[in-house]
Structures are given as structure tokens and as C-alpha cells.
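Observations on chain architecture
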Amino acid sequence: MAAEELAHLDSTSLASGLRRGDFSALELMDFCLRRIQRADSRLQAFIEVFTDDALREAEAVDRRLAAGGRLGPLAGVPVAIKDNLSIAGRSLSCGSRILEGYVAPYSATAVERLQRAGAIVVGRTNLDEMAMGSSCETSIWGSTLNPWDLGRVPGGSSGGSAAAVAAAMVPLALGSDTGGSVRQPAAFTGVVGLRPTYGRVSRHGLVAFASSFDQVGPLARSVRDVALALEVLAGPDPRDSTTTKEPVESWGSSLQGIEDAPSLAGLRLGWCELAGDLAVDAATEACWRRSCQRLEALGATLVPLQLPTLDQALAIYSVLAPCEASSNLARFDGVRFGRRAAEAEDLEDSAVEELSLEDLYVRSRSEGFGPEVKRRILLGTYALSAGDRESYYYRARRALRQVRRELREALERVDALISPTTPTSAFALGARREPLEMYRSDIFTCAPSLAGLPAIAVPAGLTGEGLPSSLQVTGAPFAEAKILRIATAFEADRQRDEGMLRPSMEWMNASGVAA
Ligand code: GLN
């Protein structure tokens, strides 16, 4: 098989091609590493690539295959990991100076489960500092670029993982999604992103941002790939007490029939008017209309809904996420984790003794955190402070319960909710300097996060400007099977008409980097 063809296969086909002997794990890994070498000097999706270990592990898969040994469902599949998930023995930065020098002493359960399924971890991917952001521009490692247009952002905060999949450097990557960080970058780069139901996937080893909303989720080139990844990732974990005992289903294999004969007959899909705070730009609206027509043509009934709390979701998230972050990030004090203020280390012992512990905290945290993270810590601390707690934190918690109730009730009347994933397609680098403007990227992704619901972002074709657009399908708690089926039917039907979304990456040849 020609090496370039590997770039277009998803993990499901790669895993079976490998078993059939169409190519070896080493050939596949070699292809991915070379592609990373060519493309990533521009894109900067990776913070670190584990070249030698990845090649060694690929050889081990080939040996096991030759010996007729048992292989996991992702055997030999290269995966990239967002750099807020621990990989034992590797640096873990969260894109922040505060974690400088920190090496993870254990692996996140999600990483461990991928490895147990045979996947090979290729490297750590870039993110907005501490997973706070929508553009992948706030990392100490610099911005990741969008392979569709190097002048645009890949979305965030899992922008590195999204760009790595979109540019075919790896077929599968992990991200984390608190308010949209898997789905929004998936939308901006034309890949599939799944946020599982809260509690479906262990958060053990994920650096906490807002613990009531954080979930680990896969990004991939096809719906069946995120389904397969979910099969591997899901299930209770004694190390994360919020994981539930809901049964792990064969999500991946159950989709085959739908791909062959896509139909949504008998399904009711709820949608809300894209007006007021939920307004989208014209290009997104055009793609959204086309998506609705496609869903109807596939047999779905589109049910208009009034969900008045939906346009409050972003405001609620903007209070609660910083509150939880301000508490979670208190652990980065320059003592137990993270970087200690440089001056303190250079000082004579006698001078250090004069420094109070508080000085040390303040100096370490002032140096270690970037402006967006500081903004959130300040906001959260303010909203939780005595006197203001009632007007902000408790009020937002009450509003949160309303959102939860309203969405869950709606999902008893319809099979799933649909919306665009984002109000615009990928924006230009540096274009959103105003925090509120940046936060608006999450207007559709926040609500499922608040309500703990599973939601998937699936490519919905290109805008007139040639940029990816995306459809979000949200389900009832633990209804992943249903949203995966809907997304698969939509994906199969769209691809039959328009083909797979794939960036041209002409810049890769023009960049002068040897093949
Ligand atoms: N963009 C959102 C934020 O900045 C969501 C981040 C996330 O999901 N990690 O908070």
C-alpha cells in the first residue's frame, strides 16, 4: 500500500489493515512520524514527540502479530495525547510555565486504557494554558495553526490534538472537554469530536480545571473511530469516584449497518431558533440549513423547541468554571507541584528565610500563570468570596439546575438535540483579543457540558470560504449509542455527496521541508 494512502484511513481501517498484513505497525508509525516531521514545523500541534519509543513499540506490535499473539482493538494505532493528561515518566505542562520541570509519576486512566488496547502514544499535544481557551493561542509553547489555513486558529483548548488528526499526523487523539474543548476544535479543523456523558470516562490523571464538567474525549477522522475509542476508554475506575457503572457497549461495531444504509427514520431531533444570543454568522447558517435538510431527507423529524435557559448557559459556565478553577489551581503553589519563583531559588539561604511562605506563593504564581489563567482565578475567587458568593456562585448553581432540568426534560420528548457546534468557523490568529468575544465560541457547547450530557461534533461540510463547519448532536445521559448512530448516518450521507473533509495541505510541499 502506498504510504500516502495511510493518511486517509481512520483508526478502524488501520487496525484491520494491520491485522490483514496490508502494512506493518512499523511502516504505519514511520509514516506518521515522517508526516509529523514535515507538517509540524509549521503547525506546532505537538509539544513533544516520542520518536524512539514509538518506533520500538511498533516493532513490538509487529513481533506479537507475527507470533500470533493476542492484539487489542487499537493495536499499532498511533495516538496523540493532550498535554493535560498524565503519561508516566513524561513531562506534563498544560501549556503553562507553572508546571515547568514536572514529570508525571503515573499515567491517566484514559491513557493507560488506550495503551492496554494496543495504541501507541506518539506525543503530547499543545493546548490553551490549563485548558482555558478556545484558540490554542495561550500556551507557553506558542500557537498551534489550523491545517486548513495557516492564518487561522485550530480552536481550543484541545487545538493540538485536533490539528494533529486533521493534518493526518495521527488518526486518533485525546482531548479534554470542560465547556467545549473537544467539540469546538474538532469543528474548526473538520474532524469528529466526542464529549462522553459526565462520569462515563475516568478523569484520573487529567489535570483538573472545573471538576464538575471536565470529561476526557476522543478526536478522530470518523464517527466509528470515536465510538471505538469510547469502547476502550469507558467504564468505572476505582481511582475516580465520579465514574459510573453504566455498561460499556460495543459502540464501534454497532455502526456498520448504518454506514451502509444511512437512515434516521422515526427519530425526532429537537432544535432551537438561531436568534438572539444563539445567532450565528451567515456562512455557518448556510451550512446549518443544509445539515437540517440532510437530516430530514434521511427521515428524521425536526422538532422546534423553546429552551429559554440555553442562552444563559455561557453566562452560567463563565461563573462556575472559574470558581472551580480557582479552587483546583490552588495546588500550584511552587511547593508541592510546579515551578518555584526563580528569585527565591537564587537567593542566599538567609534571604530565603526572610521570605514568607505567602511571598513564595505569590511570586511563584505570578510568574507561573499567564493572563487568561490569572483572570479566571481572580474571577472565581471573587465569585466565591464571602459577601459575593450569594450573588454569583449560588445564583449560578441555581441557574445550572434549571438548565439541567430543561435539557433533560427536552430529551424525554426528542431523541437528540441538534445545533451548529460553533457560531462561526475558524477565526484568524490574534483576532479575538477580547475575552468575551473568545468565550462566545462556546455558546453551543457549554449547555451539554453543564448538563453532563454526551455530545458529538461531526463535520457538516465546508463554508463558502472553504473552512470546515460542524453539526453538534446532544443526547440524554448515557445515550452515546443514539448520538453515535445519528452522527454516523449524517456522516455517511454527507460523505457520499461531498466526500471526506481533508485540508489540501499544499503549504506542506511549499514549506521546503524534505519529505
Ligand atoms: N473554551 C472553554 C473555556 O475557555 C472551554 C474550555 C474547555 O472545555 N476546557 O473555558
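Placed above this text is the structure.
Residues numbered from 1 in each chain as written. Predicted model: local features only at pLDDT ≥ 70, side-chain atom pairs only at ≥ 80, totals over all residues. Heavy atoms only, no water.

Topic: the side chain of serine 364
The topology assignment puts serine 364 in helix 13 (residues 357-368). In this structure, serine 364 is in contact with Ile98, Asp333, Gly334, Arg339, Arg340 and Ala341, ignoring residues within four places of it in sequence. (Helix = DSSP H or I, 4+ residues; strand = E, 2+ residues; numbered from the N terminus. Contact = heavy atoms within 4.5 Å.)

What to know about helix 7 (residues 223-233)
Judged by how many residues are buried, helix 7 sits mostly within the fold: nine of eleven residues are covered. Those residues of helix 7 lying buried are Val223, Asp225, Val226, Ala227, Leu228, Ala229, Leu230, Val232 and Leu233. Looking one or two places after helix 7, you find glycine 235, whose phi comes out positive at around 120°. (Buried < 20%, exposed > 50% of the residue type's maximum accessible area, 1.4 Å probe, protein only.)

Re the site of the ligand
The environment of the ligand is formed by 14 residues, the closest being Thr178, Gly179, Ser181, Tyr317 and Arg376. At 3.2 Å, a backbone N or O of glycine 180 approaches an oxygen atom of the ligand. Contact distances for the ligand include 2.7 Å between an oxygen atom and a side-chain N or O atom of tyrosine 317. In isolation the ligand exposes 300 Å². Once the protein is present, 99% of that is buried. For the shell around the ligand, the class distribution of residues is four nonpolar, seven polar and three charged. (Near = heavy atom within 4 Å. Polar contact = N/O pair within 3.5 Å; in protein donor to acceptor, adjacent residues only side chain to side chain. Areas by Shrake-Rupley, 256 points an atom, 1.4 Å probe, with all protein chains shown as cover. Nonpolar A, V, L, I, M, F, W, Y, C, P; charged D, E, K, R; others polar.)

Focus on the state of the cysteines
Counting across every chain of the model gives zero disulfides. Here cysteine 32 stays free of any disulfide, with the sulfur of cysteine 136 as its closest cysteine sulfur at 20 Å. Owing to a relative accessible area of 3%, cysteine 32 belongs among the buried residues under this scheme. Cysteine cysteine 272 remains unbridged, with the sulfur of cysteine 292 as its closest cysteine sulfur at 12 Å. (Disulfide = S-S within 2.5 Å.)

What to know about the packing of aromatic side chains
Considering all chains together, one arrives at six aromatic pairs under this definition. A cation over a ring is seen here: arginine 90 above phenylalanine 50, with NZ or CZ 3.7 Å from the ring centre. A cation sits over an aromatic face here: arginine 432 above phenylalanine 427, 4.1 Å from the ring centre. (Phe/Tyr/Trp six-rings, centres within 6.5 Å; stacked < 30°, edge-to-face > 60°. Lys NZ or Arg CZ within 6 Å of the ring centre and 35° of its normal.)

What to know about the packing of helix 2 (residues 25-43) against helix 3 (residues 51-66)
Direction vectors running N to C along helix 2 and helix 3 enclose 160°, while the axes themselves pass 7 Å from each other. One element, helix 2, and the other, helix 3, form an angle in the roughly antiparallel class. The two elements helix 2 and helix 3 meet at a crossing, and its hand is right-handed. For the pair helix 2 and helix 3, the contacting residues are Ala25, Leu26, Met29, Asp30 and Leu33 in the first and Thr51, Ala54, Leu55, Ala58, Glu59, Val61 and Asp62 in the second. Its residues placed into classes, the contact of helix 2 with helix 3 shows eight nonpolar, one polar and three charged. (Axes fitted to C-alpha atoms, helices over the stretch in contact; angles between N-to-C directions. Parallel < 35°, antiparallel > 145°, perpendicular 65-115°, else oblique. Left-handed = near helix turned anticlockwise from the far one by under 90°.)

Quick look at the sheet that holds strand 4 (residues 172-177)
The strand order across the open sheet formed by eleven strands is 1-3-2-4-6-5-10-11-9-7-8, and the pairing between neighbours is mixed. The open sheet terminates on both sides in strands that have one partner only, identified here as strand 1 (46-49) and strand 8 (301-304). Here the strands of the sheet are splayed against their neighbours by 30° on average, with no regard to which way each runs. In this fold helix 9 (residues 282-297) packs onto strand 7 (268-271), strand 8, strand 9 (416-420), strand 10 (455-462) and strand 11 (468-474), with an angle of close to 105° to the strand it touches most, strand 10. (Pairing = 2+ DSSP bridges.)

A word on the side chain of glutamate 372
Among the structural elements, glutamate 372 can be located in helix 14 (residues 371-384). Side chain to side chain, glutamate 372 and arginine 376 meet in a polar contact 2.8 Å long. Ignoring anything within four residues of it in the chain, the contact list for glutamate 372 reads Met132 and Tyr439.

Quick look at the nonpolar core
Counting residues in each nonpolar core, the largest one holds 119 residues, and the members touching the most others are Met130 and Ile456. The leading source of residues in this core is helix 10 (residues 313-328), at nine residues. Ignoring any residue separated from it by four or fewer positions in sequence, one finds methionine 130 in contact with Cys94, Ser96, Ile98, Leu99, Val207, Phe209, Leu329, Phe332, Phe369 and Val373. Counting 44 residues, the second largest nonpolar core, distinct from the first, contains Ala25, Met169, Met505 and Met508. (Core = buried A, V, L, I, M, F, W, Y, C linked by side-chain atoms within 4.5 Å.)

Observations concerning a nonpolar patch on the surface
A cluster of nonpolar side chains, contributed by Val335, Leu357, Tyr361 and Val362, occupies part of the molecular surface with about 330 Å² of accessible area. Relative to the elements of secondary structure, tyrosine 361 occurs in helix 13. (Patch = residues over 30% accessible without salt bridge, like charges linked within 9 Å, V, L, I, M, F, W, Y side chains within 5 Å. Salt bridge = Lys/Arg side-chain N within 4 Å of Asp/Glu carboxyl O.)

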